[in-house]
Amino acid sequence: MITVAGCGRMGGPMLAALRVAGFDANGFDVRPVDQAGVTDDLASLYDETEILITVVRDITETDAVLFDDQCFTSAPCLKTIIISSTLSPRYVRALRDRVPPHITLIDAPMSGAQIAAQEARLSFMLGGAKADLDAAQPLFDAMGAHFHRMGNFGSGMQAKVLNNLLAASNTAMTRLVLDWADAAGLDERKLLNLIHTSSGQNWFASDFDSIEFARDGLAADNTIGILVKDVQSALDAAPEGADLSLPQMVQTQIGQLTPRK
């Protein structure tokens, strides 16, 4: 049985895609979630889980799932852990020394926002041994459309935080540009259409109307807050001696976003 731990904006649609594809998959979440196959009853899943996919928010919640509150690493049938949360690459690589050696580890963070998860067209950045990735590929096929094998365990997460640093930059600058456009009296839709076909084109601007967090301000439990965390993960993995001033400015700008009408 597959268990998806963390059935929120991303994990919930990922679980649904696995079930549609015919996999024996269920979800675990500490909060009540109104979705088929999701439970907060750990005992109903623990002894049967062979593959665990973690899609929880951060390192603290990952530690809870793997080692502390839920302690899935001690589950009797567990064979594979797939880390799909976006976390510090340093933390992810260190998991190999903390997780029992008989358990396969794959890092598989994803990109595409909630809409891509709902349409099963996520982009996965994968790290792990080739044989392990080959064995897990049918799961990724059910949930995504693009698969990038980046190297050994941990390399998928390294690639993801770099990608998210760019995504955060696009988010910060697009929102700033739209605010300045408001001040200049420009029509938002006309400007977004222009950006889409011009040199300023970026994922956030092109998909502005379908990205669920595009108009959000910062909140601890929303995607803007997650972007602040993801930039911190990129900073944590920066090369020694790197100039951090620009990514830190992006993080500050994201952290100052207020809701856009």
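The structure displayed is predicted, hence computed values, not measured ones. (Residues numbered from 1 in each chain as written. Predicted model: local features only at pLDDT ≥ 70, side-chain atom pairs only at ≥ 80, totals over all residues. Heavy atoms only, no water.)

Novice: Before we move on, could you go through the layout of surface pockets and cite the residues and values that matter?
Specialist: Size it by volume and the largest pocket reaches roughly 1200 Å³. Around the largest pocket sit 48 residues that line it, and Arg9, Met10, Val55, Thr223 and Ile226 are the ones nearest its centre. Among the elements that line the lining of the largest pocket, the one with the most residues is helix 7 (residues 155-184), at 7 residues. Of the residues belonging to the lining of the largest pocket, the class tally is 18 nonpolar, 17 polar and 13 charged. By volume, the second largest pocket amounts to about 160 Å³. Elements with a contribution of two residues or more to the lining of the second largest pocket: helix 7 and helix 11 (245-255). Looking at the lining of the second largest pocket residue by residue, the classes come out as 6 nonpolar, 4 polar and no charged. (1 Å grid on protein atoms, 1.4 Å probe; cavity = no way out; pocket = protein on both sides within 12 Å on 5 of 7 lines; lining within 4 Å. Points joined across faces, edges and corners; volume = space filled by probe spheres on them. Helix = DSSP H or I, 4+ residues; strand = E, 2+ residues; numbered from the N terminus. Nonpolar A, V, L, I, M, F, W, Y, C, P; charged D, E, K, R; others polar.)

Novice: Break down the pattern of salt bridges for me, citing the residues and quoting the values.
Specialist: Here the structure, examined in full by the defined rule, presents 12 salt bridges. Of the charged contacts in the structure, one is a salt bridge between aspartate 182 and arginine 260, with a shortest N-O distance of 2.7 Å. Of this pair, aspartate 182 sits in helix 7 while arginine 260 sits in the segment after helix 11; the two residues are 78 residues apart in sequence, bridging distant segments of the chain. For arginine 260, a relative accessible area of 10% gives the class buried. The network of salt bridges with shared partners includes Asp179, Asp182, Glu188, Arg215 and Arg260. (Salt bridge = Lys/Arg side-chain N within 4 Å of Asp/Glu carboxyl O. Buried < 20%, exposed > 50% of the residue type's maximum accessible area, 1.4 Å probe, protein only.)

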